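A closer look at the structure
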Amino acid sequence: MPRIETSRHHLSIDYSTYNYVEFSMVSIYPFRALHPSKEESAYVPSVPYDVVDRDEAAACISENRKSFLRVIRSDAELPDLDPYDDAIYARARAVFDQMRAEGLFVQDAGESYSVYRVEYEGRVFTGLVACIGVSEYQTKVVKRHELTRYDKEEDRTRHIDAVGAHTGQVFLLYKDMQGIHDHLASLATGEMVAEMKTKSGAVHRIYPITDPDAIRKITGLFAEVPALYIADGHHRAKSAVNVYERRSERGDANLEASRFMGVLFAHDSVLIHGYSRLVRDLNGMAQDEFLSALGEIFTIRELNDVNTKASSITPDVPGKGQHLFHLYIGGRFYELTRTIDPAADAISRLDVSLLQERVFSPLLGITDPRGDERLAFMGGALPITDLIAGVDRGDYAFAILMQPTDVDEICDIADNDGIMPPKSTWFEPKLLSGLVVHSID
């Protein structure tokens, strides 16, 4: 029998004694989607809760009182309270109910899927908005590659439970062997129900799929998919599981609470950027001493004429079998390379693992990359000039630009229950919150 642990807060079931993946396939479900009314969809959706801090959220809200940040970052409107105070979550529910009452959100009459389409810088990304069962997560049909932090997990658990809705989606990948991506793209031609253009120029659109035959076909296509992979939203997924378990204990769980909302993309259709590291000091070393220590680990060469408007540095010879980093320190760029140990396991072969094990921990004393305040991260397609500025101002002693991790490597690690180091991946497209909401009340 599987081990069952109970506590005052939640029920946690350890399914590790069973290998469900051998005979489990993906099940997805349509749902009665909530989305902004078409005329309000240019104002309501917002960035996800975890990409802005309290002050940034407050500034956005002051510019736009219809912003969904009022729901997902309700602490921004109650600055004198602890962000985990009960009143914060009650406020989120009250604002959400008010938005619905004022007609900012409408709910579909029947169950549907939706195509989530993003156009950005000449690229088109096409995903499917659907629900996935909590049981799919518990039995590892939904695979993950990151650990969750309890404080963030608990915050979103309380938020979902109080609001009675999944206000943000889990970004999921699937390996497309059935032509699913092209089929979904062919369905994004009818009338859209929501559209928003962000300040970055990305256009987000939602196309509902309401025809019963189309819904059955999509459900059947995914029934042939063996697994889903969390790209972004590990905390949202785990929090959805927590809410279902707590509501089951209380006796008020329903069918919708047993499912969570995701957006599913073909794994080879997304973009991955490196997640750069910025370090505040050299742990007492002089710059020359630090570079000399790095020279014992890497082959180093100085770079000239770096395109600082780009988001990364493309190596002259992109090499398989090589660890590759770009260091900015003392106003200069250096390329650091090292041959990958052919005997290393999948986690050890990652650049982020080598950097932690050979540089951050032994040379700089950064043993906890999740919590050490001397270490900061910058992900995505931001220009290199942003990194340079932080170092040149003296905020940081140096910055390291990372190459993106290969998506197949990420899937392989998740397939083998591996856990990647923190801040290993930055996926595009970045999805908006509030374009589609899944009600569980």
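Above this text sits the structure in question.
Remember, it's a predicted structure, so these values are computed and weren't measured experimentally.

So, about the environment of Pro383. Among the secondary structure elements, Pro383 is positioned in the loop between strand S20 (375-379) and helix H11 (384-392). Residue Pro383 is classed as partly exposed on the basis of its relative accessible area of 25%. Separated by 39 residues in the primary sequence, Pro383 and Pro422 have C-alpha atoms spaced 22 Å apart. The residues contacting Pro383, other than those within four sequence positions of it, are Thr308, Lys309, Ala310, Ser311 and Met378.

Further remarks concern the environment of Phe31. For Phe31, the location among the structural elements is in the loop between strand S3 (28-29) and strand S4 (34-36). Accessibility expressed as a relative area gives 1% for Phe31, which makes it buried. Taking the C-alpha atoms as reference points, Phe31 and Ser258, 227 residues apart in sequence, are found 12 Å from one another. Not counting the four nearest positions on each side in its chain, Phe31 is found in contact with Gly110, Glu111, Ser112, Val129, Ala130, Cys131, Glu256, Met261, Val436, Val437 and His438.

Applying the stated criterion across every chain yields a total of 11 aromatic pairs. On the basis of an interplanar angle of 65 degrees and a centroid distance of 5.8 Å, the ring pair of Phe96 and Phe105 is categorised as edge-to-face. Among the aromatic residues, ring-to-ring pairing joins Phe68, Phe96 and Phe105 into one connected group. The residue whose ring lies beneath Arg144 is Tyr137, and the NZ or CZ to ring-centre distance is 3.8 Å. Seen from the ring of Tyr29, Arg259 lies directly overhead, with NZ or CZ sitting 3.7 Å from the centre.

Moving on: helix H9 (residues 287-295). Within the span of H9, buried status applies to Phe290, Leu291, Ala293 and Leu294. One side of H9 carries all its buried residues, which in axial view fall inside an arc of 155 degrees. If you follow the buried residues of H9, they end up packed against strand S17 (299-303), strand S18 (322-329), strand S19 (332-339), helix H10 (351-364) and strand S21 (398-402).

Quick look at the side chain of His267 now. Following the sequence through the fold, His267 ends up in the loop between strand S14 (259-266) and strand S15 (271-273). Beyond its immediate chain neighbours, meaning those up to four positions away, His267 contacts Leu173, Tyr174, Lys175, Val407, Asp408 and Cys411.

Right, let's talk about empty space enclosed by the protein for a bit. The full count for this structure, using the stated rule, is 2 cavities of 30 Å³ or more. Ranked by residues supplied to the lining of the largest cavity, first place goes to helix H5 (residues 150-163) with 3 residues. For the second largest cavity, the calculated volume is near 60 Å³. What lines the second largest cavity is simply Arg277, Val352, Leu355, Gln356, Phe360, Pro369, Leu375, Phe377, Pro421 and Pro422. Taken together, the elements giving at least two residues each to the lining of the second largest cavity come down to H10 and S20. In terms of residue count, the dominant contributor to the lining of the second largest cavity is H10 (4 residues). Tallied by class, the residues present in the lining of the second largest cavity amount to 8 nonpolar, 1 polar and 1 charged.

What follows is about a negative patch on the surface. On the surface, a cluster of negative charge is contributed by Asp268, Asp406, Asp408, Glu409 and Asp412. Topologically, Asp408 is positioned in helix H12 (residues 407-415). Owing to a relative accessible area of 35%, Asp408 belongs among the partly exposed residues under this scheme.

In the structure shown here, the tally under the stated rule is 31 salt bridges. Arg73 is the partner of Asp75 in a salt bridge, and the nearest nitrogen-oxygen pair spans 2.9 Å. Each of the two residues, Asp75 as well as Arg73, counts as buried. Among the ionic pairs, Arg250 bridges to Asp252, the shortest N-O distance being 3.3 Å. Through salt bridges that share partners, Arg93, Asp97, Asp161, Arg247, Arg250, Asp252 and Asp441 make up one connected network.

Parameters and conventions
Residues numbered from 1 in each chain as written. Predicted model: local features only at pLDDT ≥ 70, side-chain atom pairs only at ≥ 80, totals over all residues. Heavy atoms only, no water. Helix = DSSP H or I, 4+ residues; strand = E, 2+ residues; numbered from the N terminus. Buried < 20%, exposed > 50% of the residue type's maximum accessible area, 1.4 Å probe, protein only. Contact = heavy atoms within 4.5 Å. Phe/Tyr/Trp six-rings, centres within 6.5 Å; stacked < 30°, edge-to-face > 60°. Lys NZ or Arg CZ within 6 Å of the ring centre and 35° of its normal. Arc of directions from axis to C-beta. 1 Å grid on protein atoms, 1.4 Å probe; cavity = no way out; pocket = protein on both sides within 12 Å on 5 of 7 lines; lining within 4 Å. Points joined across faces, edges and corners; volume = space filled by probe spheres on them. Nonpolar A, V, L, I, M, F, W, Y, C, P; charged D, E, K, R; others polar. Patch = residues over 30% accessible without salt bridge, like charges linked within 9 Å, V, L, I, M, F, W, Y side chains within 5 Å. Areas by Shrake-Rupley, 256 points an atom, 1.4 Å probe, with all protein chains shown as cover. Salt bridge = Lys/Arg side-chain N within 4 Å of Asp/Glu carboxyl O. Lys, Arg positive; Asp, Glu negative; His and termini not counted. Charge placed at Lys NZ, Arg CZ, Asp CG, Glu CD.

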